[in-house]
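Read off the chains here:
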Amino acid sequence: MLGSINPEILFLQQEDQIQAGLLDMKKTLEITEETYKLLGKGQIQNPPKTHLGIPAGQVWESFFNTMPCHIGGNLNIAGVKWAAESKKNATTPGIPYGIDISILSDPETVLPFCIQDGTIITAMRTSAVAALQARYCAPSDTTTATLIGAGVIGRTMIMAVCEAIPTLKTIYLCDIDLGKAEALAKDSAGMYDVEIIPTTDSKAAAAKSQLIVGETTARTPFIDKTWVKPHSAIVCVSNEATCDIVKLADVNVVDYWDQIVTFKYKAITQVFDAGEIAREQVLETSDLVLGKPARTSDDQFIYACSMGLGALDITIAYSLYQNAVKLGLGTKVRLWDKPLWE
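Here's what I pulled together on the structure shown here. (Residues numbered from 1 in each chain as written. Predicted model: local features only at pLDDT ≥ 70, side-chain atom pairs only at ≥ 80, totals over all residues. Heavy atoms only, no water.)

**Topic: the overall build of the chain**
And then number 1: Each helix and strand counted, the chain has 11 helices and 16 strands in total.
And then number 2: For 342 residues, the compact-globule estimate of 2.2 N^0.38 gives 20 Å, and the C-alpha radius of gyration of the chain, at 20 Å, lies within 12% of that figure.
And then number 3: When burial is assessed residue by residue, the chain has 52% of its 342 residues classed as buried.
And then number 4: Residue pairs at least 24 apart in sequence account for 70% of intrachain contacts in the chain once pairs closer than 6 positions are excluded.
And then number 5: Only carbon and sulfur atoms are counted for the fraction: they give 55% of the accessible area of the chain, which is about 15,400 Å².
And then number 6: Across the chain, the mean location of the 29 positive side-chain charges is 1 Å away from that of the 39 negative side-chain charges. (Helix = DSSP H or I, 4+ residues; strand = E, 2+ residues; numbered from the N terminus. Rg over C-alpha atoms; globule rule 2.2 N^0.38 Å. Buried < 20%, exposed > 50% of the residue type's maximum accessible area, 1.4 Å probe, protein only. Contact = heavy atoms within 4.5 Å. Areas by Shrake-Rupley, 256 points an atom, 1.4 Å probe, with all protein chains shown as cover. Lys, Arg positive; Asp, Glu negative; His and termini not counted. Charge placed at Lys NZ, Arg CZ, Asp CG, Glu CD.)

**Digging into the nonpolar core**
And then number 1: By size, the foremost hydrophobic cluster in this structure holds 73 residues, and its most contacted members are Ile171, Leu173, Leu211 and Val253.
And then number 2: Residue contributions to this core peak at 10 residues, all from helix H3 (residues 119-137).
And then number 3: Among the nonpolar cores identified, the runner-up in size contains 25 residues, and Ala206, Ile260, Phe263 and Ile277 belong to it. (Core = buried A, V, L, I, M, F, W, Y, C linked by side-chain atoms within 4.5 Å.)

**Considering the packing of aromatic side chains**
And then number 1: On inspection of all chains with the given rule, the structure shows eight aromatic pairs.
And then number 2: Relative to Trp227, the ring of Phe222 lies with its centre 6.2 Å away and its plane at 65 degrees, an arrangement referred to as edge-to-face.
And then number 3: Given a relative accessible area of 28%, Phe222 falls into the partly exposed group.
And then number 4: Of the aromatic side chains, those joined through ring pairs into one cluster are Phe113, Tyr318 and Tyr321.
And then number 5: When the ring centre of Trp60 is taken as reference, the NZ or CZ atom of Arg219 above it lies at 4.1 Å. (Phe/Tyr/Trp six-rings, centres within 6.5 Å; stacked < 30°, edge-to-face > 60°. Lys NZ or Arg CZ within 6 Å of the ring centre and 35° of its normal.)

**Things to note about the sheet that holds strand E8 (residues 144-148)**
Pairing between the strands of a sheet comes from backbone hydrogen bonds, and it takes one of two forms, parallel or antiparallel.
And then number 1: The parallel open sheet is built from eight strands, whose spatial order is E10-E9-E8-E11-E12-E15-E13-E14. Only two strands of the sheet have a single neighbouring strand rather than two, namely strand E10 (195-199) and strand E14 (282-284). Averaged over neighbouring strand pairs, the angle between their axes works out to 20 degrees when direction is ignored.
And then number 2: With four bridges connecting them, strand E11 (residues 211-214) and strand E12 (residues 232-236) associate as parallel partners. Within E12, the residue paired with Ile212 across the bridge is Ile234.
And then number 3: Of the strands in this sheet, E8, strand E9 (170-174), E10 and E11 touch helix H4 (residues 152-164), which is tilted by about 160 degrees from E9.
And then number 4: The strands touched by helix H5 (residues 178-188) within the sheet are E9 and E10, with E10 carrying the most contacts at an inclination of about 170 degrees. (Pairing = 2+ DSSP bridges. Axes fitted to C-alpha atoms, helices over the stretch in contact; angles between N-to-C directions.)

**Structural notes on the pattern of salt bridges**
And then number 1: Applying the stated criterion across every chain yields a total of 14 salt bridges.
And then number 2: The partner of Lys81 in a salt bridge is Asp100, with the nearest N and O atoms 3.7 Å apart. Linking Lys81 in strand E5 (residues 77-86) with Asp100 in strand E6 (residues 98-105), this pair joins segments that are 19 residues apart in sequence. For the pair Lys81 and Asp100, one class covers both residues: buried.
And then number 3: Residue Lys264 is joined to Asp273 by a salt bridge in which the shortest nitrogen-to-oxygen separation is 3.3 Å. (Salt bridge = Lys/Arg side-chain N within 4 Å of Asp/Glu carboxyl O.)

**A look at the state of the cysteines**
And then number 1: Tallying each qualifying case throughout the model produces zero disulfides.
And then number 2: Between Cys114, a cysteine without a disulfide, and Cys69, which holds the nearest cysteine sulfur, the sulfur-to-sulfur distance is 14 Å.
And then number 3: Note on Cys114: relative accessible area 0%, which makes it buried.
And then number 4: Cys243 takes part in no disulfide bond, and the closest cysteine sulfur, belonging to Cys305, lies 11 Å away. (Disulfide = S-S within 2.5 Å.)

**Some points on H4**
And then number 1: Counted at 1.5 Å a residue, the expected span for H4 with its 13 residues is 18 Å, and the 19 Å between its end C-alpha atoms agrees.
And then number 2: For H4, a buried count of 10 out of 13 residues is recorded, marking the element as mostly surrounded by other parts of the structure.
And then number 3: Of all the positions in H4, only Ile153, Gly154, Thr156, Met157, Ile158, Met159, Ala160, Val161, Cys162 and Ala164 are classed as buried. (Expected span 1.5 Å × (residues − 1).)

**Observations regarding the environment of Ala83**
And then number 1: Note on placement: Ala83 falls in strand E5.
And then number 2: You can call Ala83 buried: its relative accessible area is 7%.
And then number 3: Not counting the four nearest positions on each side in its chain, Ala83 is found in contact with Phe63, Phe64, Asn65, Met67, Ile99 and Asp100.

**Some details on the packing of helix H2 (residues 25-40) against H3**
And then number 1: Relative to each other, H2 and H3 sit at 70 degrees, their axes nearing to 9 Å. Considering their axes alone, H2 and H3 lie roughly perpendicular with respect to each other. Between H2 and H3, the residues in contact are Met25, Thr28, Leu29, Thr32, Glu33 and Tyr36 and Met124, Arg125, Ser127, Ala128, Val129, Ala131, Leu132, Arg135 and Tyr136, respectively.
And then number 2: Residues that form the contact of H2 with H3 fall into these classes: nine nonpolar, three polar and three charged. (Parallel < 35°, antiparallel > 145°, perpendicular 65-115°, else oblique. Nonpolar A, V, L, I, M, F, W, Y, C, P; charged D, E, K, R; others polar.)

Okay, structure coming up:
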């Protein structure tokens, strides 16, 4: 493939991806950890995502993000994720809230060689990042977790935390819509040796848990200092935590500093911009997977957050591409038979 001038593109729809192993959370966690190792070793170029809100500003009705990257090491592939979400979709049957596309390209000839749906990849890798952070940040004796949000990410988060933290025995699955939490708990029952308890009272559930994970679409932070206790970790994938959480944490962890610091609505960015925390005081997920400890005592309270790393979408998509080629999956298309102008 590298250096190829063949304009053929393999298109993978969701059904092809699922046959190629998309729903294998154990494998997704492995790829996620390896990707962060490459990032920490300087073998990945991953500029901060570019955000386009419609209308402009934080109160968007829909948005598009572009997330380009180059993966070095033994992979040597380039790619981009085109990520989008729409508030309208949340109330429209038959269409996901978020719709993403992943494009894989040859870094030498810049030809794309695979285009595939990125929506389920997003759900899988978002939860894998949070679960990976939880693996390194939660107390070693964690048996109870509170997951806040019973949407698509709630579904994959159950898979991810159960794979990442084998000591788990109980999950409180929280949502303001109890029926939604009950339905997801029923769907997930029996997948792991864990009891899943639906509830609407996330704060009460958090008080009984060593691990709290926010996986909502909330625009206003609601996890505040009254949730904080020793011997616990709070992990957020969106905008759930207030600035007090950052200030009270014994250790703060982010998925990728260079990106998260560009998004001014994030609690950790606001605390940093106010001069109340130094860059040197914040760990990245790459630090953890390369051996730097986050937790030095089970009595600590640790806060971790993430925004999504385009490189993860591409490494996972490339793994699916390789499996799809072996299995003969997908539809082949061509950019041209002969380019008009060379």
